[in-house]
Amino acid sequence: MPKTKTHSGTKKRFRKSAGGKLGGRRANSSHILEKKSPKRKRRMAVPTEVSAHDRKRVRTLLAGKG
């Protein structure tokens, strides 16, 4: 069976930690920022863990990376 290729878009957006957790950018953090509070925007700057619902899908797309 051939090797599984990593999805190029996914490898640019998500990172796998040494412990196996998946991290990525928060949603709603790139536009329409004027109406969002400074506190909310600061929180959006911090990367977050991928939600439980999306973990399986992201792992499948990152399958080619070690």
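Structure report, in brief. Keep in mind that this is a model prediction, so the values were computed, not measured.

A few points about the overall build of the protein chain
Next up, step 1: Helix and strand counts for the protein chain come out as three helices and three strands.
Next up, step 2: Helices and strands in the protein chain line up, N terminus first, as α-β-β-α-β-α.
Next up, step 3: Its C-alpha atoms give the protein chain a radius of gyration of 15 Å, more than 25% over the compact-globule value 11 Å for 66 residues.
Next up, step 4: Taken along its principal axes, the extent of the C-alpha atoms in the protein chain is 50 × 25 × 20 Å.
Next up, step 5: Expressed as a percentage of the 66 residues in the protein chain, the buried residues total 18%.
Next up, step 6: Summing over all exposed atoms, the protein chain offers an accessible surface of approximately 5900 Å²; the carbon and sulfur share of this is 53%.

As for the environment of Ser51
Next up, step 1: As for its position among the elements, Ser51 is in the loop between strand S3 (48-49) and helix H3 (52-61).
Next up, step 2: Classification of Ser51 by relative accessible area gives partly exposed; the value is 33%.
Next up, step 3: Residues Ser51 and Asn28, spaced 23 residues apart in sequence, show a C-alpha to C-alpha distance of 15 Å.

Regarding a positive patch on the surface
Next up, step 1: Together, Lys11, Lys12, Arg13, Arg15 and Lys65 make up a region of like positive charge exposed at the surface.
Next up, step 2: No other element matches helix H1 (residues 8-13), which puts three residues into the positive patch.
Next up, step 3: Turning to its location among the elements, Lys11 is positioned in helix H1.
Next up, step 4: Relative accessible area serves as the criterion here: at 41%, Lys11 is assigned to the partly exposed category.

Points about the side chain of Ser29
Next up, step 1: The residue Ser29 is located in the loop between strand S2 (22-24) and helix H2 (38-45) in this model.
Next up, step 2: Judged by relative accessible area, which is 18%, Ser29 ranks as buried.
Next up, step 3: Among the polar contacts made by the side chain of Ser29, one reaches the main-chain carbonyl oxygen of Arg26 at a distance of 3.1 Å.

What about unusual backbone geometry?
Next up, step 1: Positive phi values are uncommon outside glycine, yet Asn28 reaches one of about 65°.
Next up, step 2: Position of Asn28 among the secondary structure elements: in the loop between S2 and H2.
Next up, step 3: For Ile32, which is not glycine, the phi torsion reads 55° and is therefore positive.
Next up, step 4: Tracing the sequence through the fold places Ile32 in the loop between S2 and H2.

Quick notes on the rules
- Residues numbered from 1 in each chain as written.
- Predicted model: local features only at pLDDT ≥ 70, side-chain atom pairs only at ≥ 80, totals over all residues.
- Heavy atoms only, no water.
- Helix = DSSP H or I, 4+ residues; strand = E, 2+ residues; numbered from the N terminus.
- Rg over C-alpha atoms; globule rule 2.2 N^0.38 Å.
- Buried < 20%, exposed > 50% of the residue type's maximum accessible area, 1.4 Å probe, protein only.
- Areas by Shrake-Rupley, 256 points an atom, 1.4 Å probe, with all protein chains shown as cover.
- Patch = residues over 30% accessible without salt bridge, like charges linked within 9 Å, V, L, I, M, F, W, Y side chains within 5 Å.
- Salt bridge = Lys/Arg side-chain N within 4 Å of Asp/Glu carboxyl O.
- Lys, Arg positive; Asp, Glu negative; His and termini not counted.
- Charge placed at Lys NZ, Arg CZ, Asp CG, Glu CD.
- Polar contact = N/O pair within 3.5 Å; in protein donor to acceptor, adjacent residues only side chain to side chain.

By themselves, these figures tell us nothing about what the structure is for.
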